[in-house]
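# Descriptive structure summary
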Amino acid sequence: MKRDFLAIADCTANELREILSLGARLKRELKSGQRTPLVAGKTLAMIFEKPSLRTRVTFQVGMTQLGGYAVYLTPSDIRLGERESVADIARNLERLVDFIMARTMKHDSLTELAKAASTTPVINGLSDLLHPCQVLSDCFTVLERRGSLENQRIAFLGDGNNMANSWISAAARFGFTFALACPEGYEPEASVVAAARADGADIVVTHDPSEALSDADVAYTDVWASMGQEEEAEERKAVFAPFQLNAAALAQAKNDALVMHCLPAHRGEEVTAEVIDGPASIVFDQAENRLHVQKAILVWLNDQLLRQA
Ligand code: CP
Ligand code: NVA
């Protein structure tokens, strides 16, 4: 059976660590001017139902650096499930390309793509439910800074959204504490929390930012209205205001706490300029590490295919 990368929870802790060490090796090699063509001649179809800067550029550049090629499909090009069914798109693409990466409105579209593309690995480039490439890259960034993940407390202020859900699954695999402070009614996906807790994860869900931030090694935030929730943006501004990551909030974390954000950021909303542009912020390291970690995901998926052959 081919492997996909749809969710952090689909991988074992060992597999995730293997991807992270491969990412570290690829980063070192690139910095020393070496580009090893580990997926030479292979192709990636990139389906986007939502906008993107980082995901698109890192996958496209990553494929080029690995000796492969990426094809960008805009939302208006293929109109997933509208112009053609999701399954038919998958059945076409699996005959034409070696990997599919998709950013979808609904997570179900990703699982449907992965099921119908029976021989081609599918990578989740963000769905309404999860953003595993971002969170795995963020774990890499924390590991780079701190040398280990186990002893970390990651505080997340904001929505129990795709980012929070993937962090919760990552806590179960890497053994760190994840503390989310969100407004009432904006809690993370209950099934994701239950699965992580069943695997022994230390997950705190609170409505009090101070509780989440207390003793935190990382203060993380994300937009209050995710892509697809634009019409709720004004209402959300009022609800989420007490969850802003500002200097007073950051002062409640450890003195050397790192500030993280998946980007794009809205200064003055979920984070103040002072904090995101301040000395504790590592947001552009996070953005860069998307490249190295996603290259590792592609190479790892390719290795899984080769092992079966
Ligand atoms: N963080 C992230 O996924 O960025 P893009 O939406 O620009 O791809
Ligand atoms: N939660 C955000 C993440 C963007 C990278 C969104 O889904 O829009």
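Check the entry above for the structure.
So, here is what we can say about the structure in this document.

Conventions we followed
Residues numbered from 1 in each chain as written. Chains lettered and ligands numbered in written order. Predicted model: local features only at pLDDT ≥ 70, side-chain atom pairs only at ≥ 80, totals over all residues. Heavy atoms only, no water. Buried < 20%, exposed > 50% of the residue type's maximum accessible area, 1.4 Å probe, protein only. Helix = DSSP H or I, 4+ residues; strand = E, 2+ residues; numbered from the N terminus. Pairing = 2+ DSSP bridges. Near = heavy atom within 4 Å. Polar contact = N/O pair within 3.5 Å; in protein donor to acceptor, adjacent residues only side chain to side chain. Areas by Shrake-Rupley, 256 points an atom, 1.4 Å probe, with all protein chains shown as cover. Nonpolar A, V, L, I, M, F, W, Y, C, P; charged D, E, K, R; others polar. Core = buried A, V, L, I, M, F, W, Y, C linked by side-chain atoms within 4.5 Å. Contact = heavy atoms within 4.5 Å. Axes fitted to C-alpha atoms, helices over the stretch in contact; angles between N-to-C directions. Parallel < 35°, antiparallel > 145°, perpendicular 65-115°, else oblique. Left-handed = near helix turned anticlockwise from the far one by under 90°. Arc of directions from axis to C-beta.

The subject of this paragraph is the pairing of strand β6 (residues 177-181). Where burial is concerned, most of β6 is hidden: five out of the five residues are buried. Burial along β6 is two-sided: the residues Thr177, Ala179 and Ala181 and Phe178 and Leu180 are all buried. The pairing of strand β5 (residues 153-157) with β6 spans five bridges and is parallel. When the bridges of β6 are listed, Ala155 appears paired with Ala179. Pairing of β6 with strand β7 (residues 202-206) involves five bridges; the strand directions are parallel.

In this section: the site of ligand 2. Residues in close proximity to ligand 2 include Leu126, His131, Asn161, Asn162, Asp222, Val223, Ser226, Met227 and Leu263, which together make up its full environment. Note that an oxygen atom of ligand 2 is positioned 2.8 Å from one of the side-chain N or O atoms of Asn162. A distance of 2.7 Å separates a nitrogen atom of ligand 2 from a polar side-chain atom of Ser226. Within the complex, 95% of the 270 Å² of free accessible area of ligand 2 lies under protein. The residue inventory of the shell around ligand 2, partitioned by class, reads four nonpolar, four polar and one charged.

Another aspect to go through is the nonpolar core. Ranked by size, the top nonpolar core spans 58 residues in total, and within it Leu136, Trp167, Phe176 and Phe178 carry the most contacts. It is helix α7 (residues 162-174) that contributes the most residues to this core, eight residues altogether. Apart from residues no more than four positions distant in its own chain, Leu136 is found in contact with Phe5, Ile8, Leu16, Ile19, Leu20, Phe174, Val293 and Ile297. Core analysis: the second largest hydrophobic core is formed by 23 residues, Ala155, Leu263, Val271 and Val283 among them.

Packing of helix α1 (residues 13-31) against helix α13 (residues 283-308) brings their axes to within 8 Å, and their N-to-C directions diverge by 120°. Taken together, α1 and α13 sit at an angle that is classed as oblique. Remark: the crossing between α1 and α13 carries right-handed chirality. Between α1, through Glu15, Glu18, Ile19, Leu22, Gly23, Leu26, Lys27, Leu30 and Lys31, and α13, the contact on the second element is made entirely by Glu288, Asn289, Leu291, His292, Val293, Lys295, Ala296, Ile297, Val299, Trp300 and Arg307. Considered class by class, the residues forming the contact of α1 with α13 number 10 nonpolar, three polar and seven charged.

A word on helix α4 (residues 86-96). Of all the residues in α4, the buried ones are Val86, Ala87, Ile89, Ala90, Leu93 and Glu94. Buried residues in α4, looked at end-on, bunch into an arc of 155°, giving them a common side. Summarising the geometry of α4, the exposed residues directed more than 90 degrees from the buried face are Arg95 and Leu96. Among the structural elements, β1 (43-48), α3 (75-78), β3 (99-103) and α5 (107-116) are those in contact with the buried residues of α4.

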